[in-house]
Amino acid sequence: MAKRKVAYRKRHQNRFSMFLVTLVVVMIMVAVAVQSVELQDKIDSYASREKQLEQQIAEEKARAEEIEEFRKYTQTKAYIEEVAKDKLGLVYEGEILFKEEN
């Protein structure tokens, strides 16, 4: 009879130990799943941020190109003539200006 009680106790302890091990494994799996979802959200936000930054880089490159073209234009004779006519009111010799009356 004593052997039966010992065997029953061992079997009961074995089941309880297995239950605890299973519970710990399930808890670890849940924690990993939660972390995985959080990491995926971060990855998605970083990907959208990366796209925004790439678009901004492209815009800035286009702007830099426009600035470079303007810099080249400002060194031409046509630009100098335009500024002289518009801002300084200068004209070529023999050129006639027509102005509107207000």
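A few points on the structure. The shown structure was predicted, so the numbers you read here are calculated from the model rather than taken from an experiment. Each chain carries its own residue numbering, running from 1 in the direction its sequence is written. Given that the model is predicted, a residue must reach a pLDDT of at least 70 before its local features are reported, and side-chain atom pairs must reach 80 or more before they are shown or counted; all residues, however, enter totals for whole chains, interfaces and linings. Note that the side-chain values use all heavy atoms of the structure and ignore hydrogens as well as water.

## Considerations on the pattern of salt bridges
It is possible for side chains bearing opposite charge to pair when their charged atoms get close. Salt bridges are defined as contacts in which a side-chain nitrogen from Lys or Arg sits within 4 Å of a carboxyl oxygen from Asp or Glu. Tallying each qualifying case throughout the model produces two salt bridges. Where Glu-60 meets Arg-63, a salt bridge forms, and the shortest distance between an N and an O atom there is 3.8 Å. Here Arg-63 and Glu-60 lie together in helix H1 (residues 2-74), a separation of three residues that amounts to about one turn. Three labels apply to residues, based on accessible area from a 1.4 Å probe with only protein chains included: buried if under 20% of the type maximum, exposed if over 50%, partly exposed otherwise in between. Classification of Glu-60 as partly exposed rests on a relative accessible area of 42%. Of the charged contacts, one joins Arg-71 and Glu-68 as a salt bridge, the two residues approaching to 2.5 Å between their closest N and O atoms. Here Arg-71 pairs with Glu-68, and both are found in helix H1, just three residues apart, close to one helical turn. You can call Arg-71 partly exposed: its relative accessible area is 38%. For Glu-68, a relative accessible area of 32% translates into the label partly exposed. Helical segments are the DSSP runs of H or I of at least four residues, strand segments are the runs of E of at least two, and each set is numbered from the N terminus.

## Side note on a nonpolar patch on the surface
Patches here: salt-bridge-free residues with over 30% relative accessible area, like charges joined within 9 Å, nonpolar side chains (Val, Leu, Ile, Met, Phe, Trp, Tyr) joined within 5 Å. Only the protein chains shown count as covering a residue, and every accessible area follows the Shrake-Rupley method with a 1.4 Å probe. Taken together, the side chains of Phe-16, Phe-19, Leu-20, Leu-23 and Met-27 make up a nonpolar region of the molecular surface, amounting to roughly 510 Å² of accessible area. Along the chain, Leu-20 turns up in helix H1. Overall, Leu-20 belongs to the partly exposed group, its relative accessible area being 38%.

## Some thoughts on the packing of aromatic side chains
Ring pairs (aromatic) are described by centroid distance and by the angle formed between their planes. The criterion for an aromatic pair is that two Phe, Tyr or Trp rings (for Trp, the six-membered ring) have centres within 6.5 Å, with stacked assigned to planes under 30 degrees apart, edge-to-face to planes over 60 apart and tilted to the rest. Using the criterion set out here, one finds two aromatic pairs in the structure. Centre to centre, the rings of Phe-70 and Tyr-79 are 6.1 Å apart; their planes meet at 80 degrees, and the pair counts as edge-to-face. Under the relative-accessibility criterion, Tyr-79 is labelled partly exposed at 23%. Here Tyr-73 and Tyr-79 contribute two aromatic rings whose centre-to-centre distance is 5.4 Å and whose plane-to-plane angle is 70 degrees, an arrangement assigned as edge-to-face.

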